[in-house]
Amino acid sequence: MSQSDLHHNFTPGPERLKAMLERMLLIRRTEEQLGADSRSGELPGNVHLCAGQEAIAVAVCDHLSDDDYVGSTHRGHGHFLAKGGSARSLIAEVHGKSSGACGGLGGSMHVTDLSKGMIGANGIVGGGIGLAAGAALSAQVAGQGQVAVAFFGDGASSQGILSEVMNIAVLWKLPLLLVCEYNGYSEFSASATVNAGLIADRARAFGMPTEVIDGNDLEAVWAVAAVAIDRARKGEGPSFIEAKTYRLRGHLEAEDGFLQAPYRSEGEIDQWRTRDPIPRLAQRLVELSALTATDIEALEANVAAEVKDALQFAHESEPPGMERVLSSVFVDQRP
Amino acid sequence: MVKMRLTQAINAAYFEEMERNERIVLFGEDVEVSMFGDTRGLHARFGSGRVRNTPISESAMTGMAVGAAMAGTPTICHLMFSNFALTGFDGIANQAAKLRLMTGGQARLPVTFVAAIGAGTSTGAQHSDTPYPMFMNLGGINIAVPATPADAKGLMKSALRGFNPTIFLLPRVRGATAGEVSEDSDFLVPYGKASVLQEGTDITIVAIGSCVNHALRAAKALKEDGVSVELIDPRTLVPLDTDTIVASVRKTGRLVVADEARDRCSAASHIAAVVGDEAFSSLKAPIKRVTAPNIPMPYAPALERALLPDPEKIMAAAMLTMAG
Ligand SMILES: Cc1ncc(C[n+]2csc(CCOP(=O)(O)OP(=O)(O)O)c2C)c(N)n1
Ligand SMILES: [Mg+2]
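None of these values were measured; they are calculated from a predicted model. (Residues numbered from 1 in each chain as written. Chains lettered and ligands numbered in written order. Predicted model: local features only at pLDDT ≥ 70, side-chain atom pairs only at ≥ 80, totals over all residues.)

Q: Any chance you could explain the overall build of chain A here in plain terms?
A: Along its length, chain A carries 13 helices and seven strands. Computed over the C-alpha atoms, the radius of gyration of chain A is 19 Å, within 12% of the 20 Å expected from 2.2 N^0.38 for a compact globule of 335 residues. Each of the three principal axes of chain A carries a C-alpha extent, and together these read 55 × 50 × 45 Å. When burial is assessed residue by residue, chain A has 53% of its 335 residues classed as buried. (Helix = DSSP H or I, 4+ residues; strand = E, 2+ residues; numbered from the N terminus. Rg over C-alpha atoms; globule rule 2.2 N^0.38 Å. Buried ≥ 20, exposed ≤ 12 C-beta atoms within 10 Å, placed from the backbone.)

Laid out in structure tokens, this is it:
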């Protein structure tokens, strides 16, 4: 953290912070619902929750419009909602319903909403990096000032495609922001056992403005992303943010069913709970006299109603039929 | 009509379509110099925005091509040799071939991967593969294997006007083959429509890519022996025009399939299986496949020649079938 390439003194202002607090809450409560549905056996597949990491998705996406692109990961619910996807389409998708974002054909690891520039969660670790870089190339050729963001984990930083993309993005000055969500684990392996050196140093070696920040501090993420995205829009090329964070849930919800021994300590989890970005931002807004206890209750109530509505929507929706599948393989061509 | 080589026909297709649709971009390693000649002149004409040399980074190239296509930019990703598609296979196999389905039909993927296939010039086992059987098994990507300059041009133009991911495989030994090509800027060859190169009554030969020329020569020799050959080039393996093939076998009762891929799970074995299912009662003899053996391709020219399909092998298979 010795070097600061994306220095800034922007602040979002209380109203925008409040909106971002509500977005984070929506992600958290939506995922709590999906986690419960997973553990009860109601969900067909598995879910990777991002609880604890919401500030990164929300703060970065606050700078983006529907014309900008986000490439995501297997842990993509937060990116989906932060990019403007609806709780209804997310919950219905994960429940495998035709009304879901992808008609129930993609599932949790593939939630996509192209109308919002969310080019997809991705089941291949590192897959979203290449797609986002391609979207950045498309944006550059189109010349309308669009940008692309790739979110990926610390584990994904070991994929060759990241090095390849960093090289090309710098050479071509792509309007790309690479955001490493460093939560300290790649599945059940501590990052230090699978990543040599510092990930941010790899980005610096390619000559990219790079910043390591506290990913649980929404304002810090927001301010750095502001600079990086502004650079990208102005044609000044890619930047890299390594945001330190922690996932408060397991790698996947089902992991308690097969883990024979814990791979991280309760103490560590408790310690990170005290740094949860949601109460942290709420506290900050209270300190700024921009939020009261009543406001927080109202936000919670709004979000709870939205999640309840989305769940009911999913329950009332039909599963997809084979016709949807056959028309979703090729354009104007039967498989 | 104008006479040109197969690589020139592809070049003409790029030029015409990139003129027609100014959003199309093309990138790949050394596409400015162009080892095969198919991308020659594009950089000078369309500039560094739309025609880009890439680093040797096939993972990024295939992934980025898909991402750019998803974002609305039709993209040609030139991979040089098809073996290099394998170092960039994620973008092809897990992304291009799957994303439209996984997004519930939201994504349109106008991406065309171009690569050379085939042995016969002693490039060794890592530059000699014919890997379309692997691609045929991916589920959501079209595959073109043109054998003539006209088909090369028409199939490339169709790929570039469409919205489906496509692997365009150029049989390398056919690159210099010359043929008449339409100059009509709207000349297109559809996907999933086989070309019947000659009609016949005694035996059907289905030949793919480099085998088309071998089969033409075999058919000529067979004619001298009084055997009437119906010769079919599927041109695209996905979609595959099984209707034309099955109808032909129902008429002739005999089938030889010539395919340079290794035999195991080849296009030939797939076509044989389909015909076995759909035209079993018409068959007068067992179906024969002329393919490469299930081993990597050696370097020495005599061994390459011994292992690859050629007119004599196709002819021998046809004679066995006729005797059956
Ligand atoms: C190419 C590939 N290899 C392995 C996996 C299995 N896998 C899924 S998530 C994961 C760990 C990813 O770690 P990280 O990138 O840090 O993301 P996090 O789960 O921590 O958010 C692995 C190995 C996969 N999905 N894709
Ligand atoms: Mg991680």
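Past the structure itself, the notes keep going.
Q: Help me out: how do you make sense of the nonpolar core in this one?
A: As a rule of thumb, soluble globular proteins bury nonpolar side chains together. If you look at the biggest cluster of nonpolar residues, it comprises 204 residues, and the most contacted ones within it are Ala132 and Ala133 of chain A together with Ile205 of chain B. Here this core gets eleven residues from one element, more than from any other, and that element is helix H9 (residues 218-233) of chain A. Residue contributions to this core reach at least three from each of two domains, namely domain 1 (2-181) and domain 2 (195-323) of chain B. If sequence neighbours within four positions are ignored, isoleucine 205 of chain B has contacts with Ala215, Ala219, Val229, Leu231, Val256, Ala258, Ile314 and Ala318 of chain B. (Core = buried A, V, L, I, M, F, W, Y, C linked by C-beta atoms within 7 Å. Domains from an automatic or database assignment. Contact = placed C-beta atoms within 7 Å.)

Q: Before we go on, may I ask you to explain the site of ligand 1 in this structure?
A: Around ligand 1 lies a shell of 16 residues, among which Val125, Gly153, Gly155, Ala156 and Ser186 of chain A are the nearest. Here the shell around ligand 1 is composed, by residue class, of five nonpolar, eight polar and three charged. (Near = placed C-beta within 6 Å. Nonpolar A, V, L, I, M, F, W, Y, C, P; charged D, E, K, R; others polar.)

Q: Could you clarify how one ought to interpret the environment of asparagine 83 of chain B in this entry?
A: Residues and elements named next belong to chain B. Mapped onto the elements, asparagine 83 comes out in the loop between strand S4 (75-81) and helix H4 (89-96). Classification of asparagine 83 by C-beta neighbours within 10 Å gives partly exposed; the count is 19. With 222 residues separating them along the chain, asparagine 83 and arginine 305 place their C-alpha atoms 20 Å apart. Leave out the neighbours within four places in its chain, and asparagine 83 touches Gln126, His127 and Asp129.

Q: Where do I start with unusual backbone geometry in this structure?
A: Backbone geometry follows two general trends: most residues other than glycine have a negative phi, and most peptide bonds adopt the trans configuration. Residue and element names in this part refer to chain B. In this structure, the amide linkage connecting valine 238 to the following residue, proline 239, adopts the cis form with an omega of -5°. Of note in this structure, serine 34 is not a glycine but carries a positive phi near 70°. With respect to the element layout, serine 34 can be found in the loop between strand S2 (25-28) and helix H2 (42-50). Look at methionine 80: it is not a glycine, yet its phi comes out positive at around 65°. On the secondary structure map, methionine 80 appears in strand S4. By the C-beta count within 10 Å, which is 20 here, methionine 80 ends up buried.

Q: Sorry, what's going on with the interface of chain A and chain B here?
A: The figure often quoted for interface size is the accessible area lost as the parts come together. Each partner contributes to the interface: chain A provides 35 residues, whereas chain B provides 37 residues. For the side of chain A that touches chain B, a count of residues per class yields 19 nonpolar, 15 polar and one charged.

Q: What is the right way to read the pairing of strand S2 (residues 148-153) of chain A from this model?
A: Residues and elements named next belong to chain A. Burial of S2 is extensive: six of the six residues sit out of reach of the surface. Residues Ala148, Ala150 and Phe152 line one face of S2 and the alternating positions Val149, Phe151 and Gly153 line the opposite face, and both faces are buried. Two elements, strand S1 (residues 69-71) and S2, share three bridges in a ladder whose sense is parallel. Paired with glycine 71 across the strands is alanine 150, a residue of S2. (Pairing = 2+ DSSP bridges.)

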